[in-house]
Each structure stands twice: as C-alpha cells, then as structure tokens.
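Listed below are the residues making up each chain.
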Amino acid sequence: MKGMIGKLRTLGLASAAVASTLVLMLPKSALALTRQQIVEKLNNVPVFMIVNAEGQSLTASVGENGSGAQVPIVFIDSAEAQAFLNQAEAEEAEFAGDAQVAILPLSEIYNEASEQLESANSLVYIPSTESVNVASQLVNADIQGVPLYAAVDLENEQYLLTAENKLPMFFSIQDLQSQLTQLVASNPDVEGSLGVEVVTFESILGNMAENDPELDQFLELIQFVPASQTLQYLESLTQGAQ
C-alpha cells in the first residue's frame, strides 16, 4: 500500500491530519473490477435529477466550449437539485415549466450511460456546495468534483479498512468523523497518528473503468457511503407517503 496514496494523489487526492481511525490494511491481491461490479457498488447511492413530464433529464454539453455530447446532470444532494430548479423557475427557464426533481439509484444512471454514451464517466456530477467548501478547506486547495472522504494511517500511508475488509468512502465528512470519534474513544492511542484522505468521486469512477492492476486491488474494496442526511431525507419521503 505504501506509495499508493502518492499515486492516487496525482489523480486528485490530498490529505489532512485529523483525529480518526478504522482498522486493518489492504490485502496483497484482489480481482479487477468488471462493469457489473461497478454498477453494484453504485446501487446504494441515491442521486437526484431534474426531469420533465416525459421523464427526460436535464443535460449539459460536454467537451470544449460545450460543443460535445449532451449528458445527464446528476445531483448528489437533494437540496442542491431543488435550489437549481427553484432558480430556473424564478428565471423562467424554458425547461422549468413542468420539471421536477427525481430520485434514482446511481447504478441505473451509470448502467444506461454505459450503453448509450461513449463513456459513462462523461456524466456531469453536481456536489453540494457545503461539501466542496469543507473539502477545500480541509486540504487547503480547490476541489474540482464530488468530494469523498476515507480514513488513512498517516504514518504507514495505508488506507484503513473495516472488519469486513471494505474501504468505506464517505460522501459526508461529518458521517466519517462521527464513526471515527467513536473508534478513537475506544482506542485513544491512535488519535493524532491517523487522518482523512480526500478524493473526488469522478477520479475513483474513472479509475474503476480502467484496467490498472496496481489500482484494481484497492478499487475492488471500495464501499461508497451515502450521506446520512440524504438517507434521512429519503426516509422522510417514504414516511410521508404512508
């Protein structure tokens, strides 16, 4: 694992010391990811899209000067999606008349994009403004993309795994810190020697789609952890519909 963090940092990673910890280190080998494995990892990640009455999603042009293909816009945060739609309605944008915010599993969007677009990684992801601000302050640099947070052993340059041999990557720094606080409380000796690594969701997905044996052993272990705030929002919708 030594040197892995350094390699990933060239793809958009940065680290900052905080009081945090999990357990274990990476195993020596793991299988490369298939498209189905990537889809399965995304199945528990709810995302939000702005769609019209026919179910067509709001898109953006990718490529130089916006002259490329039209790809769906995927919001990671429900409030960010609703705020975007509210602003569009206030400005009387053409698409806003019959538009609404739809909730979908990211696996479904990614799978369709894999079949219909040149690359599923061309989807446009919109993070929450708060998450970007927190991540940028944490690493003292501008974060370009959707921030993810993982615990690391700063002394040994190792990502830290759960007892189930998974590498959780959190969409919310608050959720990670909440778990780490509980772990540090039971093992105070680790405080100060561990930290949080910040990586962009886009860079992780991009690497999952490539066949890099050096990274595949790490990528196969990743478990995306949606923000608890998002899960609570979805639960409130379910309860409201009962």
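Residue numbers run consecutively from 1 along every chain, following the written order of its sequence. Per-residue local features are limited, in this predicted model, to residues with pLDDT of at least 70; the limit for side-chain atom pairs, both in listing and counting, is 80 or more; totals at the level of whole chains, interfaces and linings are taken over all residues. Processing note: side-chain calculations cover all non-hydrogen atoms of the structure and skip hydrogens and water entirely.

### Side note on the side chain of Asp 77
- Secondary structure follows DSSP: runs of H or I at least 4 residues long count as helices, runs of E at least 2 residues long count as strands, and numbering of each begins at the N terminus. The topology assignment puts Asp 77 in the loop between β4 (70-75) and α3 (78-90).
- For every residue, the accessible area obtained with a 1.4 Å probe (protein chains only) is divided by the maximum for its type, and the residue is called buried under 20%, exposed over 50%, and partly exposed between those limits. Counting rule for charge: Lys and Arg are taken as positive, Asp and Glu as negative, and neither His nor the chain ends is counted. Between Lys or Arg on one side and Asp or Glu on the other, a salt bridge is scored when a side-chain nitrogen of the former is within 4 Å of a carboxyl oxygen of the latter. Notably, Asp 77 is buried but unbridged: the nearest opposite-charge side chain belongs to Lys 41, and the N-O separation is 23 Å.
- Here the side chain of Asp 77 touches Glu 80 through a polar contact of 2.9 Å, landing on its backbone nitrogen.
- Filtering out sequence-adjacent residues up to four positions away, Asp 77 remains in contact with Phe 48, Ile 126 and Ser 128. Identification of polar contacts relies on pairs of N or O atoms within 3.5 Å, with a donor-acceptor requirement for protein atoms, meaning one able to donate a hydrogen and the other able to accept it, and with residues adjacent in sequence counted only if both atoms are side-chain atoms. Contact definition: two residues touch when any of their heavy atoms are within 4.5 Å.

### So, the confidence of the model for the protein
- Model confidence for the protein is summarised by a mean pLDDT of 79, while 81% of its residues fall at 70 or above.
- Taken together, the stretch residues 1-31 has pLDDT below 50 and engages in 99 contacts with residues farther than four places along the chain or on a different chain. Every residue is assigned a pLDDT by the predictor, reflecting its confidence on a scale from 0 to 100.

### Digging into empty space enclosed by the protein
- Grid points spaced at 1 Å over the protein atoms alone were grouped into cavities, where a 1.4 Å probe fits but cannot get out, and pockets, open sets with protein on both sides within 12 Å along at least five of seven lines, with lining residues defined by an atom within 4 Å of a point. Grid points are joined across faces, edges and corners, and a volume is the space filled by probe spheres set on the points. For the structure on display, the rule yields one cavity of 30 Å³ or more.
- Here the largest cavity is characterised by a volume of approximately 30 Å³.
- Lining the largest cavity, in full, are Val 45, Pro 46, Ile 76, Phe 171, Pro 226, Ala 227 and Thr 230.

### Side note on the packing of aromatic side chains
- When two rings of Phe, Tyr or Trp (its six-membered ring) have centres within 6.5 Å they constitute a pair, described as stacked for plane angles under 30 degrees, edge-to-face for angles over 60, and tilted for the intermediate range. A complete count under the given rule lists eight aromatic pairs for this structure.
- Centroid distance Tyr 125 to Phe 201: 5.4 Å. Interplanar angle 80 degrees. Geometry classified as edge-to-face. With Tyr 125 in strand β6 (residues 124-126) and Phe 201 in helix α7 (residues 201-208), this residue pair connects regions lying 76 residues apart in the sequence. Phe 201 matches Tyr 125 in its accessibility class, with the two residues each being buried.
- Each member of the aromatic cluster is reached from another via a ring pair, and the members are Tyr 125, Phe 171, Phe 201 and Phe 224.

### Topic: the layout of surface pockets
- Each pocket or cavity is described by its volume, and for the largest pocket that value is around 360 Å³.
- The wall of the largest pocket is formed by 22 residues, among which Asp 77, Ser 128, Glu 130, Ser 131 and Gln 229 lie closest to the centre.
- Within the residue set of the lining of the largest pocket, elements represented by two or more residues are α3, α5 (129-139), β7 (147-153), α6 (173-186) and α9 (228-241).
- The leading source of residues in the lining of the largest pocket is α5, at four residues.
- Grouping the amino acids of the lining of the largest pocket by side-chain chemistry returns ten nonpolar, eight polar and four charged. Polar here means any residue other than Ala, Val, Leu, Ile, Met, Phe, Trp, Tyr, Cys and Pro, which are nonpolar, and Asp, Glu, Lys and Arg, which are charged; Gly is therefore polar.

### As for the packing of helix α2 (residues 35-42) against α7
- Fitted lines through C-alpha atoms serve as axes, helices being fitted only where they are in contact, and the angles separating the N-to-C directions of these axes extend from 0 to 180 degrees. Closest axis-to-axis distance for the α2/α7 pair is 10 Å, and the angle between their directions is 155 degrees. Considering their axes alone, α2 and α7 lie roughly antiparallel with respect to each other. Residues Ile 38, Lys 41 and Leu 42 of α2 touch α7, and the partners they reach there are Phe 201, Leu 205 and Met 208.
- Among the residues forming the contact of α2 with α7, the class breakdown is five nonpolar, no polar and one charged. Roughly parallel means an angle under 35 degrees; roughly antiparallel, over 145; roughly perpendicular, 65 to 115; everything else is oblique.

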